[in-house]
Amino acid sequence: MRLILLGAPGSGKGTQSQKLIERYGVPQISTGDLLRDACNRGSPLGLKAKAAMAAGKLVDNAIVLGIIRERLAEPDARGGFILDGFPRNRVQADALGALLAEIKAPIDAVVLMDIDTNVLFRRLTGRRVCPKCKRVYNIYSDALGDPPRCTNCPERTLLVQRPDDREDVIGNRLKVYAAETQPLIEYYAEQGLLRHVDAEGSVDDVFARIERAITGGAKSGT
Ligand code: AP5
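An account of the accompanying structure is given in this report. (Residues numbered from 1 in each chain as written. Predicted model: local features only at pLDDT ≥ 70, side-chain atom pairs only at ≥ 80, totals over all residues. Heavy atoms only, no water.)

## Some details on the overall build of the protein chain
Counting its regular elements, the protein chain contains nine helices and seven strands. In terms of its C-alpha atoms, the protein chain occupies a principal-axis envelope of roughly 50 × 40 × 35 Å. Put simply, the protein chain has 222 residues, and 47% of those count as buried. Counted over contacts in the protein chain with a minimum sequence separation of 6, partners at least 24 positions apart contribute 68%. When the accessible surface of the protein chain is summed, it comes to about 11300 Å², and 51% of that surface belongs to carbon and sulfur atoms. (Helix = DSSP H or I, 4+ residues; strand = E, 2+ residues; numbered from the N terminus. Buried < 20%, exposed > 50% of the residue type's maximum accessible area, 1.4 Å probe, protein only. Contact = heavy atoms within 4.5 Å. Areas by Shrake-Rupley, 256 points an atom, 1.4 Å probe, with all protein chains shown as cover.)

## Quick notes on helix α9 (residues 203-216)
Counted at 1.5 Å a residue, the expected span for α9 with its 14 residues is 20 Å, and the 20 Å between its end C-alpha atoms agrees. Among the residues making up α9, those that are buried are V206, F207, R209, I210, E211, A213 and I214. At its buried positions, α9 is contacted by β1 (2-7), α1 (13-24), β4 (109-114) and β7 (194-198). (Expected span 1.5 Å × (residues − 1).)

## Describing the packing of aromatic side chains
By the definition in use, this model includes one aromatic pair. Residues Y187 and Y188 carry aromatic rings whose centres are separated by 4.9 Å and whose planes lie at 90° to one another, so their mutual orientation is edge-to-face. What makes Y187 buried here is its relative accessible area of 13%. In this structure, R122 packs its charged tip against the face of Y140, placed 4.0 Å from the ring centre. (Phe/Tyr/Trp six-rings, centres within 6.5 Å; stacked < 30°, edge-to-face > 60°. Lys NZ or Arg CZ within 6 Å of the ring centre and 35° of its normal.)

## Focus on empty space enclosed by the protein
Tallying each qualifying case throughout the model produces one cavity of 30 Å³ or more. Put simply, the largest cavity is a space of about 50 Å³. Looking at the lining of the largest cavity, the elements with two or more residues in it are β1 and α7 (167-181). Class assignment for the residues of the lining of the largest cavity results in five nonpolar, three polar and two charged. (1 Å grid on protein atoms, 1.4 Å probe; cavity = no way out; pocket = protein on both sides within 12 Å on 5 of 7 lines; lining within 4 Å. Points joined across faces, edges and corners; volume = space filled by probe spheres on them. Nonpolar A, V, L, I, M, F, W, Y, C, P; charged D, E, K, R; others polar.)

Right, dumping it as C-alpha cells:
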C-alpha cells in the first residue's frame, strides 16, 4: 500500500499513521519527524531547517526532496509506505509523482483528513511528546498526571511540548497550510486519488473511516 495522508497540522496524520503501520506493516515516512531528528542531531541539514520549523514555515523544497529520495530508497519502503506531511506544495507533489513514476510505484490513495480549525487548536496546544520514546499524547484526553509523564517509558519520562505547538506559531502553520498545501486537494482530486475522511471523533472511529475509504475505494470516507 502506498498512501498519502493529507491534512492540516493536528488533523491526526501521525496518530493514524501508527495504526496504519500496525494494520498494514508498511513504514510511516514523516518529513516532520525526519527534519526534527536532523535538528536534534545538529546536522548541517537540521541547522538549515531549524529556523523555518520554529517559525511554522515550510522548509526549503530541495532539502525536503533530498530527504524523501533517500528515505524512499531504503529497503523497508519497497513494499509500500505512508507519507505523512509530504508532499506539502505543488513542487513537492510534482517531484513525488516523477519519482514514483520512475520506480513504477504509483500512489494508491490520498486520504484527506477533514477537521474544524477549533478542534485543531485544542489538539495542537494539548499535544505533548515523550522526548525519549517519541510517543505522542494529549493532555486533554490522556491521563498523564501533573506534570505530565510518559506512560510508555519505565522511567516515566517528563513529556515536552513541540516548540511549534505554541499558539503564535500554530496560527502561522495554519496559514501556510491554507496557502501552500490546500491546493493539493484539487490536484489529487483531478487524478482520482482523493478520499475525504472526517477526522473528528475518537482515534478508532477515524481509523475505521480511513480503512473504509482506502479499501472500499470510496471518494468519501465520512
Ligand atoms: P509536521 O511534523 O509534519 O507537522 P504537521 O503537518 O503540522 O502535523 P502535526 O504533526 O502537527 O499533526 P498531525 O496531523 O500529525 O497530528 P497528530 O496525530 O500528532 O511538520 C512540522 C514542520 O516541519 C512544518 O511546520 C515544516 O516547518 C516542516 N516540514 C514538515 N514536512 C515538510 C515538508 N514536506 N515540506 C516543508 N517543510 C516541512 O495529533 C495531534 C494531537 O491530537 C496529538 O496530541 C494527538 O494525541 C491528538 N489526536 C489525534 N487524533 C485525535 C483524535 N481522533 N481525537 C482526539 N485527539 C486526537
